[in-house]
Amino acid sequence: MEQIAFFVGAIGALGAAFAVVIVKNPFYSVLALVIHLVFLAGIFLLLMAQFLAAALIVVYAGAVMVLYVFVAAYVGGIEEPKWDSSPELRIVGPILAVALFIAISIAVLGSGLSALGTPGPDDVPSGFGTPEAVGHLMMEDFLIAFEAASLLLLIAAVAAIVLAGRRREDRKKLPGGEGA
Amino acid sequence: MTATWAWLVLLFPLLGSLTIGFGFKVLPARVAGLIGISAIVAAFICGILALIGLQGEPSESRHVASSLWEYANVGGLRIDLGIYVDPLSIFMVLVVTGVSSLIHIYSYSYMKSDQGYHRFFSYLNFFVFSMLVLVLGGNFIMLIVGWALVGFASYALISYWYRRNTATKAGMKAFVINVVGDIGLYIAAILIFKNLGSVDYGTVFEKAPEVFTTNEWEIVAICLCLLVGAFAKSAQMPFHTWLADAMEGPTPVSSLIHAATMVTAGVYLIARCHSLFELAPTAADVAAWVGLATLMIAGTIAIAVTDLKRIIAYSTMSQIGYMFVGVGIGAYSAGMFHLMTHAFFKALLFMAAGSIISAMANMQDIDKMKGFRKAMPFTAAMLIIGALALSGFPGTSGWFSKDEIIDFAHFRGGMYDWMWAGMLIGAFMTAVYSFRIIFRILPGPACKEAEYLEEHGHVIHGEPKNPATGELEDTEVGYPGEEHHIAEQAGGMKFAMSVLGILALIGGLVQVPGVDEVITNFLEPTFEDSVFAHMHPSTHEAWVGLGEGALISILGITFTWFLYIRRPDLPVKFRERFRAVHALCVNKWYGDEIIDFLIVSPVKAFGRFCNRVFERFAIDGATAGVAGLTRSAGAAVRDMQSGMLRGYAVLMLFGILAIAIYFLIRSI
Amino acid sequence: MLSSIIWTPLVFGLIGLLVPRRFTAWVAVLGAVITLGLSIGVLAGFDPDGGMQYVTDVSWIPGLGVDYSLGIDGVSIFLVMLTTVAWIPAICFSAMRSTERPALYYLMLLAGETSTLGAFLAQDLLLFVLFFDLMIVPFYFLFGVWGRDRGGEDDHAGSPGEGAVSVQSATLKMIVFTLIGSLLMLVGAIAAAVISADGGELTFSIQTIVARGLPEGSQNWIFWFFAAAFLVKMPAFPLHGWMPDSYRAAPLPALAVFSAVLSKVGAYGFLRVVLPMMPDASDLFQTTMLVLAIASIIYGSAMAFTKTDLRLVLGFSSVAQLGFITAGIFAFDSTGAEGAVLQMVNHGLVVVPAFLIVAMIAERTGSEELGPMGGLAKKAPVFAVIFLIVSMATLAIPASANFIGEFYILNGLFQVGAAWAIVASVGVALAAFYALRMYQLTMHNPLPEGSDSREISLRDALVLVPMVGIVVVLAFCPQLIIHGSEQAVDSSIAIVREVAK
Amino acid sequence: MTFDAPTIDYAGLSPIIALTAGLVVIVLAAVFDRVKRFGPGLALLTYAVTAGCLIWQWNADLDLVSGALRIDGLAVTLSLLAVIAAAVSVLLAIGDPSETQAGRSDWLALLTGSLLGMVILAQATSMLTFFVGLELLSIPLYALCGTNLRRRESLESGLKYLIVGSVGSATLLYGLAMIYGASGATGFQAIADGLQAGDGMLSDSLTLVGVGLVAVGLAFKVSIAPFHQWTPDVYQGAPTPVTAFMAVATKAAAFAVFIRFFLVALGPLADQWDVMLAALAALSIVVGNVGALAQTSLKRMLGYSGIAQAGYMLAGIVTATQAGVDALVFYLSAYVAMNVAAFAVVVIRERQTGFSDDISTLRGLGREKPLLAWPLTIAMLALAGLPPTAGFIGKLYLIEALIDDDWTWLAVMIAIGTMISLGYYLRVVAALWMSPAGEAEGDAAIDTASLPPQIAGAQADPFEDPGADRRWYLVAPALIAMAAALFFGVIPQPLVDFAQHAGDALSVWVP
Amino acid sequence: MDIEWYLVLSALLFATGFIGVMVRRNPVVILLCLELMLSAGALALLAFSRMLGNQDGQVFVLIVLVVAACEVVVGLGLVVAMYRRRLPLDVDEIKELKG
């Protein structure tokens, strides 16, 4: 059962990921990523990360992807031209990437880590991966990381305003001066 | 006391030189000349006083070493600022200062209208000072110092008329060849120090026989190195080429340096180091053979060339060849004797020649001179006296001194007999070339310059041309100036020539075989340790030798008379007939060309190679190569920096992969 | 005391920034004179047999084991004297002419003096390296800012025959070459200290490192790191590639001290650092170094007599002279090394007036190209005589102190092998040729059109005559230097002599 | 389940708290126009308080908040450097087009946020704080690079930095994940313990490849070749105050975590990674130096030079000794001074010449404006490692550390790199002093053609400021930094002590 | 299901994302590919977290999600700014800075 779930999830996630890379239209790419995230959330569940699976769907596939869609709509779904100024990158890049995949796989499979050959320990703490457990950890051991992440969101918001916000002087068609 | 006088001998010319040099703006020209003369005369007097002091000593301790201060002293190589006074050096001092005094007096008049009067006398005094350092120096380093300073002074005087390109070239040639000789002395001194632990004459000559066995390679090497110096300074083969060019200097300079004093330094050196040469007979033979070769070759050249001063210059080379043979075969006092008499008659000849040259408006070609007998009777007389002495006419000084050397060679026998024969041939040639001058320029109808002199009582003013190149000369500096009216009227010149004339005639009488042997006796303390000191031909043998000499000389003179007076067409015919031989002689046996080919050209070619090829390609090329390599590496880096984001990602992935693979390999 | 010698010039240079423009030069002169006075004071109290004296030792960067450690011995004292003496004519010469941006110019000149003195006085290896590197900085500015492009189409002064040189590339070349060596030397110096400390307390004190000794294997590479620095600085064949361009571009007063003094730092470094610290390597590479030295002599001489640019003639003659000095040092003989020390001083004393004379010649002829020159002696006998004395000293005519130096060097070389000395002495003959050629082609021969034979001005004479006077005095008493430095020289080569046996 | 609140040492946390508070205030200030003009003052006050707190915690040596952070000598010293750099950037940004266009407070908020990330990063001892700190550092910087919205290059640099930077972050994350898997821990000390406890994990492929990926991520941040390619582009394109901040502060913070992660968490593996880092350092030295050779843009040249300088600094980590860390921190401190001096002059010069940073615009500056020329000159000499500047002592320190640990070849690489570097540093000096004041070449600093239509046609660049060399807030940083570069070249010991304070913090982990 | 499978899947996703960055030219799509790479990292973290029975990794992943979101926000902000500035939305066309 677990295997089937995994392979379904894996094939789905992978397929969607390939689609992201391959499809020409950015809109479809965004959609493909949403699909990828859904499958990925499923795999998260298999790894006993219920809270994260939920977060992925809600926050990510929901909120963030909406942003993508908006932007894609705003700038227009431009299809990439067939012409490529440096076609060799199209060949060299994937070859190297495949090599990297092989390298990482060898590193993982060749590892002497004894726990690798197992599906993971059964005696996980109760509530493993539940919001409660994760929340506890976040508030106890990783408080700083959590707070910093929140500040990061704040800063990202400011950055978005700076970059994308329409400015007064733009509207007035005036060059900016001191203290604008 | 002797030492003090000797130091004063050095001091006066130096002071004279400096006074004239520093005072060139304030001193009137005459005063400068007088200072110059008195400095040398003072030195001469001090020399005599030193002689008297020295003679007061017992014969076995008749040498004095004196040191002013430690000049340099490292690692046992101690060099003192010291002098060494013994009969040999005093002999040289007297000859040098004596002849120099006369030449100064001559110059006082001769250079009257030259604008560089101060400079001339300053140089002249400095030259005498250097020469005195050379002969008085108490160790090999002082010898080298004097040696090189003489070379320098010679350079300064040769290119005295420095606006002439030919003069500066000649100066350079003389200087560089002299420096080559200096290097020979450097190496000799180093070798001496290495083997004997000292460079002081006293120690060296004392220890040499203990350290070296006869003809040991080191002593031979030392002597050969010394000989390099001696040959260079004394214009012996193959370093002879500079001497003829040195005639670019004013005539008194030729007279002083290139006849009477400086060029004899080599002879002095061998005499001074006779104890070393006797340990290395091979080297001594080399000296003698080279002397012989030089005297013969120089004789042939002197017969062929037509430049008055050059003829005398070659004759100088030739006579010094005699001296080399003399000191080379062990006839030290004979060599020194000839050195002295040669100083007299050669100085005289140059002075007389100078007189004629100035009358010819600086023309030196004997082909164009004629009939000066009447125009300049005094000069003509002096010229004849000089020529007689030079050719060893019986009774003159040259007869006694030259034939003593020739005779000694015969006395040594063996291979030295060959030298004897060679020297006799040389003597014949001497008579020929000396009287060639006389018969060419004195008799006959007067040429236009002589005629002018006769009519107007002063010399003609020709175009100031460089005799060597025929270029117009710059009259602002140098000779002859507009006011140049000397011929033989000037008292100073006449006085100097008369004194020398008398000495040339009777100077030989100091050493007449069987009668008196002043020179030999005087120098005996110096040469006492020599194996040849007490070997000399008997009086009878000596007189036989003198007779041979007289015969050769008279034969030569007669032959010349026949050739130039009776059959003046013959020389031309000879010249036509033996064109190659004549060309060989006129071109100085191609000595310049050979040296040029063997040394100068390769050195210059090497310089050009370094400059144009090596520097450009190897040095600059390597620099540019490294720089270019760096730059092209930079270009490669910048090319990779294409601005293409995707390219950056690929390179990054490449880096990641490389590191991952490195670690994968490490983990195995 | 030694600190005040080092820093006085810099202080005066900084004062020069504050005073009005017209006083700047004279403040600089004053600074140089006071420095000379201080150094004379040191010389007066110097004991030739006293080893290292006037020692200052203050901890400077304790965290790195670097001390501000100064001292003076028989070798350094004369080089310090040379430095303080040589700088005065250079500054005076400039002071008598108008200079652009004088404050900066004199600051740089004096900073150059400070750093050079520092290099001669440093007894801490790193301090030495620091000053060695520091020297090049003010000269970079001096050459770059006050030098000019040479040999371009409209530049008649700069020997068009030698090709065009731009100041920028020339100075860059100079500094890159010099630093190639000195950065490697920095690595070498640190390695020497670290290796000799061998886990103990790290110190850069030269004496301590010498006392501790270095293992032979390390010596071999450290030796070359140092040698590279010193040979480039000299410059020695074949590392002289920077020299022609920068010599041609440089302003002459700065070049005078550069050539006179800075080149000696390299030779001094061999004596002070390399020989005592790396005796085994020095012994091992003796032949190589001698070959380089002799090659420098021959090559430098050959170049000197083919070049027609006066600066290059002097520059390559320096290559040859420094070859002699190196050869003397690597003879490992007390006469050779002493000759080298003597020659360092002599050459320095001769080169300063020589370059200043070149400047004066250029003022008269408008050119530094030998070919069309001549006849300058016509109305300038004093000038000619001064130049003659300088030329004669350059060619080491016997009776000059240069001769004694050269003779001792040849003698030292002879102890290594006769062939070395004989080949080296070829350089003596060539020197006669190029020095005399330089003199003749400028002073003698006919005076060409456009040249102005003008007697040396009194002011210039005041600059040159004292230098020439020192040369003449030394000619009479080279023992003055020999006596003072003999003990120090001996101790410098004592270790390597021990090894060489 | 009970909630065990972690113990919080507010004193130790005070720098972060101060900075956070300041950040919040600055963000809020953006809302109120009246307060806006006090933005720089506010930011400087914040940084001053932060610096005060850091100095207050000078001798602190404790873990904070359940091992997420650690305040010790290393953190304090490197945070201080970052704070100084940020303060300078605030000054340099006054009146800068980027600051004006982005909105002063917003711009300052981004800067402060980035600085906060750096301070956290310098103290991070857990992978989570490490990662989040790094992102907090980076993300505002991406935005800052793009803040000169009118300049195409600025946006380009922002985008490039963001994309390549995110790839780097992802790689780093992957590496961290692998190390987490191999060691079973996220705390640095726990990682070290975990790796040593597991059998054979010290040379396990999983661990090692993880180490490699982390190294890539960090090498990217400190611009080590071959992960350097963003550097010249971003340095050139970003607004100069941002470049100045980025060049200095990012390196300081990233090296802080580089040191801590590699020496503490991966300390047991030092033998595994040292050769790799040494190779990277050598490659950077070569690539950076040769790349800089023919540049005409001063900022771009400084970018390449930054790559080379990062190579030198990385050598300090290679040794894995305290001396190496000391040398690195010393060099970094000197680097702050030299770069601030250089960039301050670039900023002034840009405003005077219509935003061109071409080297030719510097020609003749030595004659006309020595007060501008000298800081740049000293900066170049210091970067080139010539005495009497701190740059020389820095190289000396590094070489000493390297040789002490038998990395002589790397020391020689540093020497060789320095030689090459003369070729471009001195070109700047030559332009300043050795060229006549000249016609600046390539005066097309702003391609007016590609300006947005609404402001096309505007004649002069409104930000051009010919009197920029008289603005104290621009000149003072240059002069002070120059003075520092000289002072610490002559009297380096205070800075050595400063650096050793950083090294001492690691005395438990490294020899 | 053994943990390796998850890890290999994550490696595959990582490589896919990387390929996307290298071959795509639209910045928006490149941002999507960056999401892929980050989610690959997240997956690896979760796999290890599961393998170790240690929930630190889960918290880490949460942080990663935040980070990814922030990157997206800034990235899209830049895209919008460029669009307003009429710059081509094609990374191959954005190469003013080079050399």
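Residues numbered from 1 in each chain as written. Chains lettered and ligands numbered in written order. Predicted model: local features only at pLDDT ≥ 70, side-chain atom pairs only at ≥ 80, totals over all residues. Heavy atoms only, no water.

Novice: Even after reading the chapter, I still don't get the overall build of chain E, so can you show me in this structure?
Specialist: Per the secondary structure count, chain E includes three helices and zero strands. Mapped in sequence order, the helices and strands of chain E form the string α-α-α. Taking 13 Å as the expected radius of gyration for a compact globule of 99 residues, we find that chain E reaches 17 Å, considerably beyond that expectation. Seen through its principal axes, chain E has C-alpha atoms that stretch 50 × 25 × 25 Å. (Helix = DSSP H or I, 4+ residues; strand = E, 2+ residues; numbered from the N terminus. Rg over C-alpha atoms; globule rule 2.2 N^0.38 Å.)

Novice: Just to check I follow, could you spell out the overall build of chain A for this structure?
Specialist: For chain A, the helix and strand inventory stands at seven helices and zero strands. Helices and strands in chain A line up, N terminus first, as α-α-α-α-α-α-α. In chain A, buried positions account for 45% of the 180 residues. Taking the contacts inside chain A whose residues are at least 6 apart along the sequence as the reference set, 57% of them involve residues at least 24 apart. (Buried < 20%, exposed > 50% of the residue type's maximum accessible area, 1.4 Å probe, protein only. Contact = heavy atoms within 4.5 Å.)

Novice: Help me out: how do you make sense of the nonpolar core in this one?
Specialist: Across soluble globular proteins, nonpolar side chains have a tendency to be buried as a group. Counting 806 residues, the largest nonpolar core has Phe 140 and Leu 276 of chain B together with Phe 261 and Trp 273 of chain D as its most contacted members. Residues in contact with Phe 261 of chain D, not counting those within four places in the same chain, are Met 127, Phe 130, Leu 176, Ile 179, Phe 188, Ile 191, Val 214 and Leu 266 of chain D. Core analysis: the second largest hydrophobic core is formed by five residues, Ala 337, Met 482, Ala 484 and Ala 485 of chain D among them. (Core = buried A, V, L, I, M, F, W, Y, C linked by side-chain atoms within 4.5 Å.)

Novice: Mind showing me how you'd approach the confidence of the model for chain A here?
Specialist: Segments scoring low in pLDDT should not have their predicted coordinates read at a detailed level. Of the residues in chain A, 87% reach a pLDDT of 70 or more, and the chain-wide mean stands at 82. Contacts for the low-pLDDT stretch residues 170–180 of chain A, under 50 throughout, to residues beyond four places or in other chains number 20 contacts. (pLDDT = per-residue confidence, 0-100.)

Novice: Help me understand a nonpolar patch on the surface, please; the structure alone is not making it clear to me.
Specialist: A cluster of nonpolar side chains, contributed by Leu 68 and Trp 69 of chain B together with Val 385, Ile 389, Val 472 and Phe 476 of chain C, occupies part of the molecular surface with about 480 Å² of accessible area. Elements with a contribution of two residues or more to the nonpolar patch: β1 (64–74) of chain B together with α15 (381–394) and α18 (458–476) of chain C. Note that Ile 389 of chain C resides in helix α15. Owing to a relative accessible area of 30%, Ile 389 of chain C belongs among the partly exposed residues under this scheme. (Patch = residues over 30% accessible without salt bridge, like charges linked within 9 Å, V, L, I, M, F, W, Y side chains within 5 Å. Areas by Shrake-Rupley, 256 points an atom, 1.4 Å probe, with all protein chains shown as cover. Salt bridge = Lys/Arg side-chain N within 4 Å of Asp/Glu carboxyl O.)

Novice: Sorry if this is basic, but what is going on with the interface of chain D and chain E here?
Specialist: One frequent convention defines the size of an interface as the accessible area lost when the parts assemble. Across the boundary between the two partners, chain D contributes 47 residues, which contact 48 residues of chain E. When chain D packs against chain E, the two sides together hide about 3,900 Å² of surface, and 75% of this comes from carbon and sulfur. A per-residue breakdown of the area chain D buries against chain E is headed by Arg 152, Tyr 174 and Tyr 180 of chain D, which together make up 19% of the total. If you look at where chain D meets chain E, you find one salt bridge. For Arg 152 of chain D, the salt bridge goes to Glu 96 of chain E, with nearest N and O atoms at 4.0 Å. At the boundary of chain D with chain E, the tally comes to 13 residue pairs in polar contact (both at pLDDT 80 or more). Counting residues per element, the ones that place at least two in the side of chain D that touches chain E are α7 (127–145), α8 (152–183), α11 (230–237) and α14 (298–318) of chain D. With 22 residues, the top contributor of residues to the side of chain D that touches chain E is α8 of chain D. In terms of residue class, the side of chain D that touches chain E is made up of 25 nonpolar, 13 polar and nine charged. (Buried area = accessible area lost by both parts, 1.4 Å probe. Polar contact = N/O pair within 3.5 Å; in protein donor to acceptor, adjacent residues only side chain to side chain. Nonpolar A, V, L, I, M, F, W, Y, C, P; charged D, E, K, R; others polar.)

Novice: Sorry if this is basic, but what is going on with the interface of chain E and chain A here?
Specialist: At the junction of the two partners, chain E supplies 69 residues and chain A supplies 86 residues. Sorting the residues of chain E by area buried against chain A places Met 1, Arg 50 and Gln 55 of chain E first, and these three jointly supply 11% of that buried surface. Counting across the interface, chain E meets chain A through zero salt bridges. Across the chain E-chain A interface, the total number found is 10 residue pairs in polar contact (both at pLDDT 80 or more). Elements supplying a minimum of two residues to the side of chain E that touches chain A: α1 (3–23), α2 (27–52) and α3 (56–84) of chain E. Across the side of chain E that touches chain A, the residue classes break down as 48 nonpolar, 10 polar and 11 charged.

Novice: How do you make sense of the packing of helix α1 (residues 2–18) of chain C against helix α2 (residues 21–44) of chain C when you look at a structure like this?
Specialist: For any two helices packed against each other, the geometry comes down to the angle between their axes and how far apart the axes lie. Residues and elements named next belong to chain C. Between α1 and α2, the least distance of the axes is 8 Å, while the angle of their chain directions is 175 degrees. Judged on the interaxial angle alone, α2 and α1 are roughly antiparallel. Contact with α1, carried on its side by Leu 2, Ser 4, Ile 5, Thr 8, Pro 9, Phe 12, Ile 15 and Gly 16, involves Thr 24, Val 27, Leu 30, Gly 31, Ile 34, Thr 35, Leu 38, Ser 39 and Val 42 of α2 and no other residues of that element. (Axes fitted to C-alpha atoms, helices over the stretch in contact; angles between N-to-C directions. Parallel < 35°, antiparallel > 145°, perpendicular 65-115°, else oblique.)

Novice: What exactly am I supposed to notice about the pairing of strand β2 (residues 77–85) of chain B here?
Specialist: A regular strand places its side chains on the two faces of the sheet in alternate fashion. Residues and elements named next belong to chain B. Counting buried positions over the nine residues of β2 gives eight, a clear majority of the element. In the sheet, β1 pairs with β2 via eight bridges, with the strands oriented antiparallel. Within β2, the position partnered with Val 64 by the bridge is Val 85. Taking the residues that link successive antiparallel strands as the turn, the β1-β2 hairpin has two residues, and the phi of Gly 75 there is positive, at about 50 degrees. (Pairing = 2+ DSSP bridges.)

Novice: In this structure, what is going on with the packing of aromatic side chains? I would like to understand it.
Specialist: For any pair of aromatic rings, the description consists of the separation of the ring centres together with the inter-plane angle of the planes. One pass over the full model with this rule turns up 81 aromatic pairs over all chains. Ring centres of Phe 487 of chain D and Phe 488 of chain D lie 5.2 Å apart, and the angle between their planes is 80 degrees; on these two criteria the pair is classed as edge-to-face. The rings of Phe 120, Phe 128, Phe 132, Phe 223, Trp 224, Phe 226, Phe 230, Tyr 268, Phe 270, Phe 285, Phe 330 and Phe 332 of chain C are connected pair by pair, giving a single aromatic cluster. Its guanidinium or amino end placed over the ring of Phe 378 of chain B, Lys 494 of chain B lies 5.9 Å from that ring's centre, counting from NZ or CZ. The residue whose ring lies beneath Arg 364 of chain C is Phe 383 of chain C, and the NZ or CZ to ring-centre distance is 4.5 Å. (Phe/Tyr/Trp six-rings, centres within 6.5 Å; stacked < 30°, edge-to-face > 60°. Lys NZ or Arg CZ within 6 Å of the ring centre and 35° of its normal.)

Novice: Explain a negative patch on the surface here, please?
Specialist: Residue and element names in this part refer to chain B. Residues Glu 60, Glu 524, Glu 528 and Asp 529 make up a contiguous surface patch of negative charge. Along the chain, Asp 529 turns up in the loop between α22 (518–527) and α23 (539–566). Note on Asp 529: relative accessible area 48%, which makes it partly exposed. (Lys, Arg positive; Asp, Glu negative; His and termini not counted. Charge placed at Lys NZ, Arg CZ, Asp CG, Glu CD.)

Novice: Just to check I follow, could you spell out the pairing of strand β1 (residues 53–61) of chain C for this structure?
Specialist: All names here are of chain C. With six bridges connecting them, β1 and strand β2 (residues 66–72) associate as antiparallel partners. Within β2, the residue paired with Val 58 across the bridge is Tyr 68. Turn length for the β1-β2 hairpin, with the two strands adjacent in sequence and antiparallel, is four residues, and the turn residue Gly 65 shows positive phi of about 75 degrees.

Novice: Explanation requested: the pattern of salt bridges in the structure shown.
Specialist: Any two side chains of opposite charge can pair, on the condition that their charged atoms come close. Residue and element names in this part refer to chain B. On inspection of all chains with the given rule, the structure shows 28 salt bridges over all chains. Between Glu 70 and Arg 78 there is a salt bridge, with the nearest N and O atoms lying 3.1 Å from each other. Taking relative accessible area as the criterion, Glu 70 reaches 26% and is therefore assigned partly exposed. Take Arg 78: its relative accessible area is 40%, and that puts it in the partly exposed class.

Novice: When you look at the packing of helix α15 (residues 322–352) of chain D against helix α17 (residues 370–383) of chain D in this model, what are you seeing that I'm missing?
Specialist: Residues and elements named next belong to chain D. It is the contact of α15 with α17, at a shortest axis distance of 9 Å, that shows an interaxial angle of 145 degrees. The two elements α15 and α17 meet at a crossing, and its hand is left-handed. Residue-level inspection shows Tyr 331, Tyr 335, Met 338, Asn 339, Ala 341, Ala 342, Val 345, Ile 348 and Gln 352 of α15 in contact with α17, the latter providing Leu 372, Pro 375, Leu 376, Ala 379, Met 380, Ala 382 and Leu 383. Of the residues contributing to the contact of α15 with α17, the split by class is 14 nonpolar, two polar and no charged. (Left-handed = near helix turned anticlockwise from the far one by under 90°.)

Novice: For this particular structure, what's the right way to read the side chain of Ser 355 of chain B?
Specialist: All names here are of chain B. Among the structural elements, Ser 355 can be located in helix α15 (residues 332–359). On the basis of relative accessible area, Ser 355 is assigned to the buried category, the value being 0%. At 3.4 Å, the side chain of Ser 355 forms a polar contact with the side chain of Thr 379.

Novice: Any chance you could explain unusual backbone geometry here in plain terms?
Specialist: With glycine set apart, most residues show a phi of negative sign, and most peptide bonds adopt trans. Residues and elements named next belong to chain D. Put simply, Ala 225 and Pro 226 share a cis peptide bond, and its omega is 0 degrees. Inspection of the secondary structure puts Pro 226 in the loop between α10 (205–221) and α11. Cis geometry is adopted by the peptide bond preceding Pro 388, which originates at Pro 387 and carries an omega value of 0 degrees. Within the secondary structure, Pro 388 sits in the loop between α17 and α18 (390–404).

Novice: Honestly, the arrangement of the chains in this entry has me stumped. Any pointers?
Specialist: When the eight pairs of chains in contact are ranked by number of contacts, first place goes to chains A and E. Between chain A and chain C there is no contact; the minimum C-alpha to C-alpha separation amounts to 36 Å. Spatially, chain C is disjoint from chain E: no contact exists, and the shortest C-alpha separation is 23 Å.

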